[in-house]
Amino acid sequence: MNTERKAPRTVRAVLLATVYYLVVTPIGLLARVTRDPLDRRWAPEAETYWTTSTPRSV
């Protein structure tokens, strides 16, 4: 490959990686710290951890 073709590909990869680590990663870490979407809290007094779901109409 020519250098003219390699440069934009490299710059694009560096920019995408930078955006990912500066934008997406902090959002994910913040979401993980502030809430527990799977409700994985430990409750020793709980008889069961099973949750019943209600059927949805189609």
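These remarks concern the structure in this document.

As a further point, take the overall build of the protein. Summing up its helical and strand segments, the protein has one helix and zero strands in all. Expected size for 58 residues packed as a compact globule is a radius of gyration near 10 Å; at 22 Å, the protein overshoots this value by more than 25%. Expressed along its principal axes, the backbone C-alpha trace of the protein runs to roughly 65 × 35 × 15 Å. A burial count over the protein gives 0% of its 58 residues as buried. Accessible area for the protein stands at about 6400 Å²; split by element, carbon and sulfur atoms hold 61% of it. Here the protein holds 9 positive side-chain charges and 5 negative ones, and the gap between their average locations is 18 Å.

Bringing the packing of aromatic side chains into the picture now. The full count for this structure, using the stated rule, is two aromatic pairs. Consider the rings of Tyr20 and Tyr21, whose centres lie 5.2 Å apart with planes at 85°: the pair is edge-to-face.

Below, the discussion takes up the environment of Arg35. Mapped onto the elements of the fold, Arg35 is located in the segment after helix H1 (3–34). Take Arg35: its relative accessible area is 51%, and that puts it in the exposed class.

Rules and cut-offs
Residues numbered from 1 in each chain as written. Predicted model: local features only at pLDDT ≥ 70, side-chain atom pairs only at ≥ 80, totals over all residues. Heavy atoms only, no water. Helix = DSSP H or I, 4+ residues; strand = E, 2+ residues; numbered from the N terminus. Rg over C-alpha atoms; globule rule 2.2 N^0.38 Å. Buried < 20%, exposed > 50% of the residue type's maximum accessible area, 1.4 Å probe, protein only. Areas by Shrake-Rupley, 256 points an atom, 1.4 Å probe, with all protein chains shown as cover. Lys, Arg positive; Asp, Glu negative; His and termini not counted. Charge placed at Lys NZ, Arg CZ, Asp CG, Glu CD. Phe/Tyr/Trp six-rings, centres within 6.5 Å; stacked < 30°, edge-to-face > 60°.

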